[in-house]
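Read off the chains here:
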Amino acid sequence: MTVTSVEGMAKARFVRVTPMKARRVVDLIRGKQAQEAVAVLKFAPQAAADPVLKGVQSAIANARVKADRDGDRLDERELFVSEAFVDEGPTMKRFRPRAQGRASRINKRTSHITVVVAPRKEGAR
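Described in the following lines is the structure provided in the data block.

Counting secondary structure elements, the protein contains three helices and five strands. Secondary structure of the protein in N-to-C order comes out as β-α-α-α-β-β-β-β. Against the 2.2 N^0.38 benchmark of 14 Å for 125 residues, the protein shows a C-alpha radius of gyration of 18 Å, more extended than a compact globule. For the protein, buried positions account for 36% of its 125 residues. Long-range contacts, defined here as pairs at least 24 residues apart, represent 72% of the contacts in the protein between residues at least 6 apart. Of the roughly 8100 Å² that the protein leaves accessible, carbon and sulfur atoms contribute 50%. Of the side-chain charges in the protein, 26 are positive and 14 negative, and the distance between the mean point of each set is 15 Å.

Dropping the structure here:
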């Protein structure tokens, strides 16, 4: 068995939460140890914490599967969130009736959340 850099990536696409709100949650976990990030997200009051939590857990599971497939050793305590970012997805446009026969547009925004977990490089802080 060899010890290599096994990283796991997970994407949650078309999540019905605004990118601005999702970025607030993702900023909480970026650079943290993976298990610590899971603990932070479980108790975060924001609604966007749930899809981000699922993404982190999926990335950890993907790293575990990748390590098993390649015959590498993987200690989940060594994993940390190396990348986490939120991109804007498509916006659903809806209309709401207003006074005097007018209508105003409501934008229902979506997000693409990407999380990458990897072990720390040697010499990296």
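For the rest of this paragraph, the subject is the pairing of strand β4 (residues 103-108). Sheet topology note: the strand β3 (residues 92-97)/β4 ladder contains six bridges and is antiparallel. When the bridges of β4 are listed, F95 appears paired with R105. Hairpin connection of β3 to β4: five residues between the antiparallel strands, including Q100 at a positive phi of 60°.

Next up on the list: the nonpolar core. In this structure, L41, I113 and V117 are the most contacted members of the largest nonpolar core, which totals 30 residues. Of all the secondary structure elements, the ones that give two or more residues to this core are β1 (8-15), α1 (19-29), α2 (34-42), α3 (49-70), β2 (79-88) and β5 (111-119). Broken down by element, this core gets its largest block of residues, eight residues, from α3. Each residue touching V117, except ones within four places of it in the same chain, is listed here: V6, E7, G8, A34, A59, I60, A63, L79, F80, V81 and S82.

Let us look at the packing of α2 against α3. The contact between α2 and α3 brings their axes to 9 Å, and the two run at 160°. Comparing the axis directions of α2 and α3 gives the class roughly antiparallel. The two elements α2 and α3 cross, and the hand of that crossing is left-handed. Listed contacts from α3 to A34, Q35, V38, L41 and K42 of α2 are A49, V52, L53, V56, Q57 and I60. Partitioning the contact of α2 with α3 into residue classes produces eight nonpolar, two polar and one charged.

Turning our eyes to something else, we now look at α2. If you check which residues of α2 are buried, you get A34, A37, V38 and L41. Taken end-on, α2 shows its buried residues confined to a sector of 100°, consistent with a single buried face. Those residues of α2 hidden inside the fold are in contact with α1, α3, β2 and β5.

With that settled, consider the sheet that holds β2. Taken in spatial order, the three strands make up an open sheet running β1-β5-β2, and their pairing is antiparallel. The sheet is open, and its two edges are formed by β1 and β2, each paired on a single side. Neighbouring strand axes in the sheet, compared pairwise and without regard to direction, differ in orientation by 15° on average. Running at roughly 150° to β1, α3 makes contact with β1, β2 and β5 of the sheet.

What counts and how
- Residues numbered from 1 in each chain as written.
- Predicted model: local features only at pLDDT ≥ 70, side-chain atom pairs only at ≥ 80, totals over all residues.
- Heavy atoms only, no water.
- Helix = DSSP H or I, 4+ residues; strand = E, 2+ residues; numbered from the N terminus.
- Rg over C-alpha atoms; globule rule 2.2 N^0.38 Å.
- Buried < 20%, exposed > 50% of the residue type's maximum accessible area, 1.4 Å probe, protein only.
- Contact = heavy atoms within 4.5 Å.
- Areas by Shrake-Rupley, 256 points an atom, 1.4 Å probe, with all protein chains shown as cover.
- Lys, Arg positive; Asp, Glu negative; His and termini not counted.
- Charge placed at Lys NZ, Arg CZ, Asp CG, Glu CD.
- Pairing = 2+ DSSP bridges.
- Core = buried A, V, L, I, M, F, W, Y, C linked by side-chain atoms within 4.5 Å.
- Axes fitted to C-alpha atoms, helices over the stretch in contact; angles between N-to-C directions.
- Parallel < 35°, antiparallel > 145°, perpendicular 65-115°, else oblique.
- Left-handed = near helix turned anticlockwise from the far one by under 90°.
- Nonpolar A, V, L, I, M, F, W, Y, C, P; charged D, E, K, R; others polar.
- Arc of directions from axis to C-beta.

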